[in-house]
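Descriptive analysis of the structure
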Amino acid sequence: MTSSPSLPLTGERTVPGVAHENYWFRRHEAVYAAVPGLVPGSPTVVVDAGSGEGYGASLLAQSFSGAAVLGVDYDSASCAHAVAAHAGPRTAYARGLVTTLPVATGVADVVVSLQVVEHIWNPDGYVRELARVCRPGGVVVLSTPNRLTFSPGLGRRERPANVFHCREYDADELVESATRWAPDLAVTHRLGLHHGPRLRAWERRHGALPAALAAAAPREWPASLHEVVVSVSAGDFELTADGVDDCLDLVVVLRKRA
């Protein structure tokens, strides 16, 4: 997978094929790769709400053999790129708001929306919309940066320093909020993404990896940091129910009540 030069980096959108962005891309890819293991049965319709560059919807189509996957994003450049780079017989993309999805009610077996809720001004309407397009018995998968580790010291509902974020969440807050906003959703999994053994070993020698990435421009990175960034794979991350408060990213799986 490679990114198109016509789809510029924004400082927030994650794209494949950019060496200095590889850590962030693989961190996102790891959650997409885990989705099939969190979903029962064999879905036939999957929606990726907030699909960005489009690689995630493509990965879901590869993982869910036989499923039709629709990626939805409001950014027109992202949608055009996704169609050109990733559309296929079972993968399509449409422009639309994640708070008003261009999807009929109750048609999706699985609704995936990763690293999106933190960008939404009206998260209550957003979660209700994800629930609306999900069929009874279907599954909604959300992920977001863990406020406790992404923005240490930031309180609930305080405005994040990240200019792209409207609100950041801890695990309890996300679970409580999502089920209050959409009472027909019930939590089945509350998980956290962590570094795996190789990245933990690197951090024991060099310090926290995300902090090192933020400390300097890529051209100023020491060789040890550059080498680990370009070598990271999705397999360098672990998704577990243990230590959720200390995780990198939160993943919540919700089932729509029948």
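Structure report, in brief. Numbering of residues starts from 1 in each chain and follows the order in which that chain's sequence is written. Reporting of local features is limited, given that this is a predicted model, to residues whose pLDDT is at least 70; pairs of side-chain atoms are given and counted only at 80 or more, and all residues count toward the totals for whole chains, interfaces and linings. Only hydrogens and water are set aside; all other atoms, that is, all heavy atoms of the structure, feed into the side-chain values.

1. Observations regarding the pairing of strand β2 (residues 68–73)
- Note on pairing: two strands pair once DSSP finds at least 2 bridges between them. For the purposes of this entry, the term helix denotes a DSSP run of H or I that reaches at least four residues, the term strand denotes a run of E that reaches at least two, and both are numbered from the N terminus. Pairing between strand β1 (residues 45–49) and β2: five bridges, direction parallel. When the bridges of β2 are listed, V46 appears paired with V69.
- Handedness of the crossover joining β1 and β2 through helix α2 (residues 55–63): right-handed.
- Bridge count between β2 and strand β3 (residues 91–95): five bridges; the pairing is parallel. Counterpart to V72 in the pairing with β3 is A94.
- Once you follow β2 into helix α3 (residues 76–86) and on to β3, the crossover reads as right-handed. Orient the strands so they point away from the viewer; a crossover is then right-handed if the path from the first strand over the helix to the second runs clockwise.

2. Topic: the pattern of salt bridges
- Here, a salt bridge means any side-chain nitrogen of Lys or Arg that lies within 4 Å of a carboxyl oxygen of Asp or Glu. The full count for this structure, using the stated rule, is 13 salt bridges.
- Taking the shortest distance from any N to any O, the salt bridge between E176 and R156 comes out at 3.9 Å. Taken as a pair, E176 in helix α6 (residues 171–181) and R156 in the loop between α5 (147–150) and α6 lie far apart in primary sequence, 20 residues in all.
- We classify R156 as partly exposed; its relative accessible area is 42%.
- A cluster of three or more residues bridged by salt bridges with shared partners is formed by R147, R156, R167, D170, E173 and E176. Per-residue accessibility, obtained with a 1.4 Å probe over protein chains only, is compared with the maximum for each type, and a residue is labelled buried under 20%, exposed over 50%, and partly exposed between these values.

3. Quick word on the sheet that holds strand β7 (residues 237–240)
- Spatially, the eight strands line up as an open sheet ordered β3-β2-β1-β4-β5-β8-β6-β7, and their pairing is mixed. The two strands at the open ends of the sheet, each matched to only one other strand, are β3 and β7. Neighbour to neighbour, the strand axes of the sheet diverge by 20 degrees on average, direction disregarded.
- Pairing geometry for strand β4 (residues 108–114) and strand β5 (residues 134–145), over six bridges, is parallel. In the strand pairing of β5, V112 is matched with V141.
- Contacts: residue pairs with any heavy atoms within 4.5 Å of one another. Working convention: axes come from line fits to C-alpha atoms, limited for helices to the stretch in contact. Angles between N-to-C directions cover 0 to 180 degrees. Lying on the sheet, α3 is in contact with β2 and β3; it crosses β3 at an angle near 165 degrees.

4. A few points about the nonpolar core
- In this structure, Y23, L60, V112, V141, L209, L225 and F237 are the most contacted members of the largest nonpolar core, which totals 40 residues.
- The greatest single-element share of this core, amounting to seven residues, is contributed by helix α1 (residues 22–38).
- Residues V117, A182, V244 and C247 belong to the second largest nonpolar core, which totals 32 residues. For this analysis, a nonpolar core means a set of buried residues of the types Ala, Val, Leu, Ile, Met, Phe, Trp, Tyr and Cys, connected via side-chain atoms within 4.5 Å.

5. As for the environment of P40
- Tracing the backbone through its elements, the reader meets P40 in the loop between α1 and β1.
- Residues P40 and W221, spaced 181 residues apart in sequence, show a C-alpha to C-alpha distance of 43 Å.

6. What to know about unusual backbone geometry
- Phi at Q115 takes a positive value of approximately 55 degrees, unusual for a residue other than glycine.
- Position of Q115 relative to the elements: it lies in the loop between β4 and α4 (123–133).

7. Regarding the packing of aromatic side chains
- Classification of ring pairs uses Phe, Tyr and Trp, with its six-membered ring standing for Trp, and accepts pairs whose centres are within 6.5 Å; under 30 degrees between planes counts as stacked, over 60 as edge-to-face, and the remaining range as tilted. Applying the stated criterion to the full structure yields four aromatic pairs.
- Taken together, a centroid distance of 5.8 Å and an interplanar angle of 55 degrees make the contact between Y23 and F237 tilted. Within this pair, whereas Y23 is found in helix α1, its partner F237 is found in strand β7, the two being separated by 214 residues in sequence. With respect to burial, Y23 and F237 carry one shared label: buried.
- A network of ring pairs unites the aromatic residues Y23, W24 and F237 as a single cluster.
- Cation placement over rings: the criterion is NZ of Lys or CZ of Arg within 6 Å of the ring centroid and within 35° of the ring normal. In this structure, R95 is placed above the aromatic ring of Y74, and the distance from its NZ or CZ to the ring centre is 4.3 Å.

8. Observations regarding the pairing of β5
- Of all 12 residues in β5, 10 are buried, a share of seventy percent or more.
- Where β5 and strand β8 (residues 249–256) come together, seven bridges link them in antiparallel fashion. Bridge pairing in β8 places V139 opposite R255.

9. A closer look at the environment of F237
- In this structure F237 comes out as buried when scored by relative accessible area, which is 9%.
- Taking the C-alpha atoms as reference, F237 lies 9.8 Å from R200; in sequence the two are 37 residues apart.
- If sequence neighbours within four positions are ignored, F237 has contacts with Y23, R26, R27, A30, L193, H194, H195, G196, L199, V232 and L248.

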